[in-house]
Amino acid sequence: PPAGDPPFVTPDHLLVASLQCPRQPGGSYKGIKNPILLVPGTGTNGSEAYDRSQVPMTASLGYQPCYINPINHTQADIQISVEYLVRALQLLRAESSRKVPTIGGSQGNLIAQWAYAFYPSARQNALSHFSMAGDFKGTKLAPIAITTGLGTATPAVWQQNYGSHLVTALANAGGLNAQIPTTSVYSATDEILQPEGPTPETATSYLYGATNVRLQDVCGPAFVMGHVQHFTNSFVFKILQAHLASPTRMAQPASIRATDCSLLLASPPLTAEDKLHFQDANVFSQINANQPDTYKPRCEPLLRDYARIF
């Protein structure tokens, strides 16, 4: 990967305005002391993904949660979305004078891993990363979305296709290895991401050098966890707590116990209203409503020069 950060193509005022800290005065990052940064997934912005999930959950642990809002509800070229994360890390590190832990959901983890592989400043400014259902190798179910779109799809969907140019470039740059301390939680029964097999080679969410938690390996093959449930599940929340409290900045295997397995909501801090908001039908309805927010080309976006050399 490059020795220095690739140049941004997004105007800086847009990157700065994207960063929001919903529990701070005016949503500003100014004056923040203990930030944690949340990266949304495909078809959502930070508020839609996290106001009723990781915002109250991380706030209950003493953090000041912030999130980014990449262009087009995180459906644009991932190489553009990553700039929002890299700039947010710069701002939060400078404001708080501490490295920033990050959390990603779905595509948010691919964005984060791209940042940590290709942007040295991101590795320097981030403390650790917690991945919920991250498609580091893409997903073999992406062609369904492309077929549904009559051969078109948003740039981010093309790039999340299993074996796309983007995920191949990430792998070639060492991006299937954890670039910072990372815990990756995923489910064999994920209806969006596949494969999530029992071996590193057959799990898109597996990162070498990370603490990898395939939920069925802990809770048994009858444990059925869907894609969206990662955001609000009580067991995933326990693993997040272990991750954030660990001296190695990764959840330790001894802290991940089968006795904690649960399909219930993390309550407290989440409420019945939060659970209603995060029902699959509501989440996917919101994502579908955001679909017209970006153009749908008939092929994957070109790799930027800094990644094309791989």
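Since the model is a prediction, treat every value here as computed from it, not as a measurement.

Peer 1: Would you explain the nonpolar core in this entry?
Peer 2: Looking at soluble globular proteins, one finds that nonpolar side chains tend to be buried together. Counting residues in each nonpolar core, the largest one holds 41 residues, and the members touching the most others are Leu19, Leu37, Leu85, Trp114 and Phe118. Among the elements of the structure, strand S1 (35-39), helix H5 (78-96), helix H6 (107-118), helix H10 (165-172) and helix H15 (305-308) are those that each provide at least two residues to this core. Discounting residues that sit within four places of it in the chain, leucine 85 has contacts with Leu37, Val39, Ile68, Ile111, Ala112 and Ala115. Judged by nonpolar contacts, the second largest core, of 33 residues, contains Tyr50, Met57, Ala242 and Leu270.

Peer 1: Explain the state of the cysteines here, please?
Peer 2: If you walk through the whole model with that rule in mind, you get two disulfides. The disulfide bridge from cysteine 21 ends at cysteine 66, spanning 2.1 Å between sulfur atoms. Between cysteine 21 and cysteine 66 the sulfur-sulfur dihedral comes to about 100°; the bridge is accordingly right-handed. Pair noted here: cysteine 21 is in the loop between helix H1 (12-18) and S1 and cysteine 66 is in strand S2 (residues 64-67), with a separation of 45 residues, a long-range link. For the residue pair cysteine 21 and cysteine 66, the accessibility class agrees, reading buried in each case. With its sulfur 1.9 Å from that of its partner, cysteine 219 forms a disulfide with cysteine 261. Between cysteine 219 and cysteine 261, the S-S torsion sits near -85°, and that sign places the bridge as left-handed. A residue pair is termed long-range when its members are at least 10 positions apart, and cysteine 219 in helix H11 (residues 215-219) and cysteine 261 in the loop between helix H12 (234-245) and helix H13 (272-277) qualify at 42 residues. Take the cysteines of the protein that form disulfides and number them in order along the sequence; they join up as 1-2, 3-4.

So, how was this worked out
- Residues numbered from 1 in each chain as written.
- Predicted model: local features only at pLDDT ≥ 70, side-chain atom pairs only at ≥ 80, totals over all residues.
- Heavy atoms only, no water.
- Core = buried A, V, L, I, M, F, W, Y, C linked by side-chain atoms within 4.5 Å.
- Buried < 20%, exposed > 50% of the residue type's maximum accessible area, 1.4 Å probe, protein only.
- Helix = DSSP H or I, 4+ residues; strand = E, 2+ residues; numbered from the N terminus.
- Contact = heavy atoms within 4.5 Å.
- Disulfide = S-S within 2.5 Å.

The values reported here are purely geometric and, on their own, carry no functional implication.
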